[in-house]
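These are the residues of each chain, in order.
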Amino acid sequence: MTDFLYATCLVGAEKLLKAEMARRYPDLRPAFMRPGFVTFKSERGPLRVSGTFVQSAGQSLGKDEPATRAKLPKPPFGLAVYGPGLEPQELDPLRETLTAELGSTPLPELGPGAQVVDVVVLPEQHFFGVHDHDPQDALHPGVYRPELPPEAPSRAWLKLEEALRLSGAPVKAGQRALELGSAPGGAAWALLSRGLSVTGVDPAQMDERVARHPKYRHLSRSIALLEPRELPAADWILSDMNVAPEQTLQHVLRLLETLRPQGVFLTLKLKDERAARMLSADANDLAARGFEVVGTRQLPSHRQEVLLYGLTAAAAAASGLHR
Ligand SMILES: C[S@@+](CC[C@H](N)C(=O)[O-])C[C@H]1O[C@@H](n2cnc3c(N)ncnc32)[C@H](O)[C@@H]1O
């Protein structure tokens, strides 16, 4: 049975998405492509795909026309409206119109496995798709609509919030975080706001509010010039340095020889496809250091970068997400 699937990705990541799908699902054939949106033909019938570069995915029903609307599931179903490259708030009027036209049910009222109708908004037309509701699919771009608070020192605030939401990491007040590449301080601000104490390593200058925060300590040097014993114990290690991914890994693996965090969150810059192909080896490096749950994901707020995270068994158990 031939079926069509769709996946959305960040605008510009289509080639990376297609390469990942070809590696993971060799039977799929790419069919139609627009910025941030790719459909695939599957000869094996419906298939739910996932991957580092997948923002959302499901069965593709086709472009918005009466014949496609006739294929929508029977209520109750949820609705997820998303436009690659568009701010979620720009789609509020369309979301309201479609909610009324289709009679969808708010997602929190739906149980796991209920169907969700996806509407992917492209410049020339809308596409309909459908997927099974998964309340743990925390970053579905038609559902999760983060807004950068005006007081956040940088967009890295969003990256951190998304990473925590995706991983379910049990980050709590009173814990300690160490961040490599901390300036100007969006991620540190998010952690300080959650009641953690933070040590930042970066030769660049921090935002004044972070620098003066009583729970923030700054080491104004390159990580290459610091010995692990000069660094404090940490429950969480983060890296957001704008250096090659292999350098990030090298520095963090060196720290893991002496530091024993519950989890690590590494932003890896993706300058080329090679860096993307190396991700599974990077993930293996973390797994070899005793991280039970290891994942890679391009986050909604990312540009040319990807998150590699690892949680110890205890942190994964406390997260409630990884069973
Ligand atoms: C994307 S910015 C970090 C944003 C930051 N995480 C935030 O929350 O605002 C990248 C930072 O990495 C820093 N960096 C680059 N190489 C570094 C190194 N070897 N050691 C420490 N920091 C480094 C840069 O100075 C720059 O401030």
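The structure this text deals with has already been given above.
As for the overall build of the chain
Thinking step 1. Looking only at helices and strands, the chain features 10 helices and 14 strands.
Thinking step 2. Since a compact globule built from 323 residues should have a radius of gyration of about 20 Å, the 21 Å found for the chain is in line with a globular shape.
Thinking step 3. A principal-axis box enclosing the C-alpha atoms of the chain has dimensions of 65 × 40 × 35 Å.
Thinking step 4. Of all 323 residues assigned to the chain, the portion counted as buried reaches 42%.
Thinking step 5. Restricting the contact set of the chain to residue pairs at least 6 apart, pairs at least 24 apart contribute 65%.

Digging into the site of the ligand
Thinking step 1. Near the ligand there are 23 residues, and of these S154, A156, G181, A187 and D240 occur at the shortest range.
Thinking step 2. Tallying contributions element by element places helix α5 (residues 186-193) first for the shell around the ligand, with 3 residues.
Thinking step 3. Tallied by class, residues from the shell around the ligand come to 14 nonpolar, 7 polar and 2 charged.

Let's talk about helix α1 (residues 14-24)
For an α-helix the count is 3.6 residues per turn, leaving residues at separations of three or four pointing the same way.
Thinking step 1. Among the residues making up α1, those that are buried are E14, L16, L17, E20 and M21. Relative to the axis of α1, the buried residues are bounded by an arc of 160° and lie together on one face.
Thinking step 2. Looking at the packing, one finds that the buried side of α1 touches β1 (3-8), β2 (29-34), β3 (37-42) and α8 (273-277).

Focus: the sheet that holds strand β12 (residues 263-269)
Thinking step 1. Spatial strand order, β10-β9-β8-β11-β12-β14-β13: 7 strands in an open sheet with mixed pairing. The open sheet has two edge strands, β10 (216-219) and β13 (293-297), and neither has a second partner. Across this sheet, the average inter-strand angle for adjacent strands is 15°, counted without regard to direction.
Thinking step 2. The strands that helix α7 (residues 245-255) touches are β8 (176-180), β11 (236-239) and β12; relative to β12, the one it contacts most, it runs at about 160°.
Thinking step 3. Packed on one face of the sheet, helix α9 (residues 279-288) meets β12, β13 and β14 (305-311) and runs near 25° to β14.

A closer look at the pairing of strand β4 (residues 56-63)
Thinking step 1. Burial analysis of β4 places 6 of its 8 residues in the buried class, the great majority of the element.
Thinking step 2. By the bridge criterion, 4 bridges tie β4 to strand β7 (residues 126-132) in an arrangement that is antiparallel. Each bridged residue has a counterpart across the sheet, and for S60 the counterpart in β7 is G129.

Here we look at unusual backbone geometry
Thinking step 1. Geometrically, the link from P75 to P76 is a cis peptide bond, its omega value of 0° lying close to zero.
Thinking step 2. By the secondary structure assignment, P76 is in the loop between α2 (66-69) and β5 (78-82).
Thinking step 3. With an omega of 5°, the peptide bond between A183 and P184 qualifies as cis.
Thinking step 4. By the secondary structure assignment, P184 is in the loop between β8 and α5.

Digging into the sheet that holds β7
Thinking step 1. What the 7 strands build is an open sheet, ordered β2-β3-β1-β4-β7-β6-β5; its pairing is mixed. Looking at the sheet topology across the chains shown, the edges are occupied by β2 and β5. Taken pair by pair, the neighbouring strands of this sheet meet at an average axis angle of 35°, ignoring direction.
Thinking step 2. Note: β1 against β3, 6 bridges, orientation antiparallel. When the sheet's bridge partners are listed, A7 is paired in β3 with V38.
Thinking step 3. Against the sheet, α1 engages β1, β2 and β3, with an angle of about 20° to β3.
Thinking step 4. Contacts from helix α3 (residues 92-102) reach β5 and β6 (115-121) within the one sheet, and its direction differs from that of β5 by about 150°.

Rules and cut-offs
Residues numbered from 1 in each chain as written. Predicted model: local features only at pLDDT ≥ 70, side-chain atom pairs only at ≥ 80, totals over all residues. Helix = DSSP H or I, 4+ residues; strand = E, 2+ residues; numbered from the N terminus. Rg over C-alpha atoms; globule rule 2.2 N^0.38 Å. Buried ≥ 20, exposed ≤ 12 C-beta atoms within 10 Å, placed from the backbone. Contact = placed C-beta atoms within 7 Å. Near = placed C-beta within 6 Å. Nonpolar A, V, L, I, M, F, W, Y, C, P; charged D, E, K, R; others polar. Arc of directions from axis to C-beta. Pairing = 2+ DSSP bridges. Axes fitted to C-alpha atoms, helices over the stretch in contact; angles between N-to-C directions.

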